[in-house]
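A look at the structure
One letter stands for each residue in the lines below.
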Amino acid sequence: MDRLSVDHLTGIKELTKNDIEIIFKTADAFKEVINRPIKKVPSLRDITIANLFFENSTRTRLSFELAEKRLSADVVNFSAASSSVKKGETLIDTVNNILSMKVDMVVMRHASPGAAKFLAERIDAKVINAGDGTHEHPTQALLDAFSIRERLGKVEGKKVVIVGDILHSRVALSNIYCLQKLGAEVMVCGPTTLIPKYIHELGVKVEHDLAKALEWCDVANMLRIQLERQDIKYFPSIREYAMQYGLTKEILDNLSKKIVVMHPGPINRGVEITSEVADSDQAIILNQVENGVAVRMAVIYLLASKINRD
Ligand code: CP
């Protein structure tokens, strides 16, 4: 059996190209499973997984839970909003209490960059990062690249522009690592204030003109503005941002070729993307969501195969 080089998935940075290819090959098989009338396999019948969400989520949380249930794992869910975290309990105490209940794997979303790695270094269970602050969102990047491969046949040699709030986006950083490892060229596009100063060190192109960026690319990944992470004003108003960086049907129709449009969600319709574009046949947003379940099944299955059962 193909084995990953890592024991946890804390970030794409730690994965090799071979790891990503193993995940995709495994996800291909699981995608076939979840499209069957009986969408379940008994692979993880003796495994217990805890989903710990210290930050809000719709897609990632549901997708992980479905992936775990499709693999027949036992699943427990934890939401910070209704937990004893509110009573002052530390992260490590919360997790150790959950692990005492014989949990084998932890899927965690947390507001602090590095939280997943911190946990992975301190507990026996396998850890999957479901988003750690502004740092990484590795399964989102894997499902994004898997969706590009599905739509365009391969990722290698493709040109991908990530548009929007790059500064606060864990999706952007994980996508940059993942796409580059697979041989794609990456550009970021947005207002100067929302592009991190270190971006050139990552080997990506930078473009501030949306029309030029779109003319360059094969794929545009549109990100939302993360107002909840912004403590100062980075642009004059949402309306002005939408006028300069919002993707409309008119802009798409004026390009010399048909590009693929992606969005990790949640979408702010009328800001970074219009409804007409989000619901068009150029957008693969719901394919991304579908692929998320297969990709997460693959990651969970491959990490579970590394659990020591002695
Ligand atoms: N793409 C994504 O992470 O969405 P959620 O915040 O809803 O999980």
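Scope of this entry: the structure provided in the associated data block. (Residues numbered from 1 in each chain as written. Predicted model: local features only at pLDDT ≥ 70, side-chain atom pairs only at ≥ 80, totals over all residues. Heavy atoms only, no water.)

So, on to the layout of surface pockets. Considered as a void within the structure, the largest pocket measures approximately 460 Å³ in volume. Looking at the largest pocket, it is lined by 21 residues, and the ones nearest its centre are R109, R170, R224, G265 and P266. Broken down by secondary-structure element, the contributors of at least two residues to the lining of the largest pocket are helix 2 (59-70) and helix 6 (170-181). A class-by-class count of the residues in the lining of the largest pocket yields four nonpolar, 10 polar and seven charged. Residues lining the lining of the largest pocket come from more than one domain, with at least three contributed by each of domain 1 (12-135 + 292-304) and domain 2 (138-289). Its volume calculated, the second largest pocket comes out at about 160 Å³. (1 Å grid on protein atoms, 1.4 Å probe; cavity = no way out; pocket = protein on both sides within 12 Å on 5 of 7 lines; lining within 4 Å. Points joined across faces, edges and corners; volume = space filled by probe spheres on them. Helix = DSSP H or I, 4+ residues; strand = E, 2+ residues; numbered from the N terminus. Nonpolar A, V, L, I, M, F, W, Y, C, P; charged D, E, K, R; others polar. Domains from an automatic or database assignment.)

Summarising burial for strand 3 (residues 105-110): six of the six residues are buried, a large majority. Pairing analysis gives five bridges linking strand 1 (residues 48-53) to strand 3, with the strands arranged parallel. For I49, the partnering residue across the bridge sits in strand 3 and is M105. Sheet analysis places strand 3 next to strand 4 (residues 126-132), joined by five bridges and oriented parallel. From the neighbouring strand, V106 faces strand 4, where its bridge partner is V127. (Buried < 20%, exposed > 50% of the residue type's maximum accessible area, 1.4 Å probe, protein only. Pairing = 2+ DSSP bridges.)

Here the focus is the packing of helix 5 (residues 138-152) against helix 11 (residues 285-304). Contact geometry for helix 5 and helix 11: axes closest at 8 Å, N-to-C directions at 120°. In terms of crossing hand, the pair formed by helix 5 and helix 11 is right-handed. Contacts between helix 5 and helix 11 involve T139, Q140, L142, L143, D144, F146, S147 and E150 from the former and N287, Q288, N291, G292, V295, R296 and V299 from the latter. A per-class count over the contact of helix 5 with helix 11 returns five nonpolar, seven polar and three charged. (Axes fitted to C-alpha atoms, helices over the stretch in contact; angles between N-to-C directions. Left-handed = near helix turned anticlockwise from the far one by under 90°. Contact = heavy atoms within 4.5 Å.)

Near the ligand the following residues occur: S57, T58, R59, T60, R109, H137, Q140, P264 and G265. Between T58 and the ligand, the recorded distance is 2.8 Å, taken from a backbone N or O atom to an oxygen atom. In the environment of the ligand, an oxygen atom lies 2.9 Å from a nitrogen or oxygen atom belonging to the side chain of R59. If the ligand stood free it would expose 250 Å²; the protein chains cover 91% of that surface. Within the shell around the ligand, the residues separate by chemical class into one nonpolar, six polar and two charged. Looking at which domains feed residues into the shell around the ligand, each of domain 1 (12-135 + 292-304) and domain 2 (138-289) supplies at least three. (Near = heavy atom within 4 Å. Polar contact = N/O pair within 3.5 Å; in protein donor to acceptor, adjacent residues only side chain to side chain. Areas by Shrake-Rupley, 256 points an atom, 1.4 Å probe, with all protein chains shown as cover.)

Moving on: the side chain of D165. With respect to the helices and strands, D165 occurs in the loop between strand 5 (159-163) and helix 6. Buried and unpaired, D165 has R224 as its nearest opposite-charge partner, separated by 7.3 Å. What D165 contacts, discounting residues up to four positions off in sequence, is L194, L223, R224, I225, Q226, Q230 and Y241. (Lys, Arg positive; Asp, Glu negative; His and termini not counted. Salt bridge = Lys/Arg side-chain N within 4 Å of Asp/Glu carboxyl O.)

Oppositely charged side chains can pair when the atoms bearing their charge come close. Applying the stated criterion across every chain, the model contains 15 salt bridges. Taking the shortest distance from any N to any O, the salt bridge between R36 and E32 comes out at 3.3 Å. A relative accessible area of 36% means that R36 is categorised as partly exposed. Here E185 ties to K205 by a salt bridge, and the two come within 3.7 Å at their closest N and O atoms. Taken as a pair, E185 in strand 6 (residues 185-189) and K205 in strand 7 (residues 205-207) lie far apart in primary sequence, 20 residues in all. Several salt bridges converge on common partners, so that one network encompasses K31, E150 and E290.

Mapped onto the fold, F30 is located in helix 1 (residues 17-34). For the pair formed by F30 and R70, sequence separation is 40 residues and the distance between their alpha carbons is 9.3 Å.

Reading across the sheet, the five strands line up as 7-6-5-8-9 and stay open at both edges, with parallel pairing between neighbours. The open sheet has two edge strands with one neighbour each: strand 7 and strand 9 (260-262). On average, each strand axis in the sheet is tilted by 25° relative to the strand beside it, whichever way the strands run. In this fold helix 5 packs onto strand 5, strand 8 (219-222) and strand 9, with an angle of close to 160° to the strand it touches most, strand 9.

What follows is about the environment of L4. Structurally, the position occupied by L4 is in the segment before helix 1. Measuring from C-alpha to C-alpha, the distance between L4 and V271 comes to 39 Å, with 267 residues separating the pair along the chain. Other than its neighbours up to four places away in sequence, L4 contacts D19, I22, I23, L302, L303 and K306.

Backbone torsion omega between G265 and P266 reads -10°, so that peptide bond is classified as cis. Assignment of secondary structure puts P266 in the loop between strand 9 and helix 10 (275-278). Positioned with a positive phi, S72 is a non-glycine residue whose angle comes to about 70°. When you line up the elements, S72 lands in the loop between helix 2 and strand 2 (74-79). By relative accessible area, which is 16% here, S72 ends up buried. Even without being glycine, K102 reaches a positive phi, approximately 65°.

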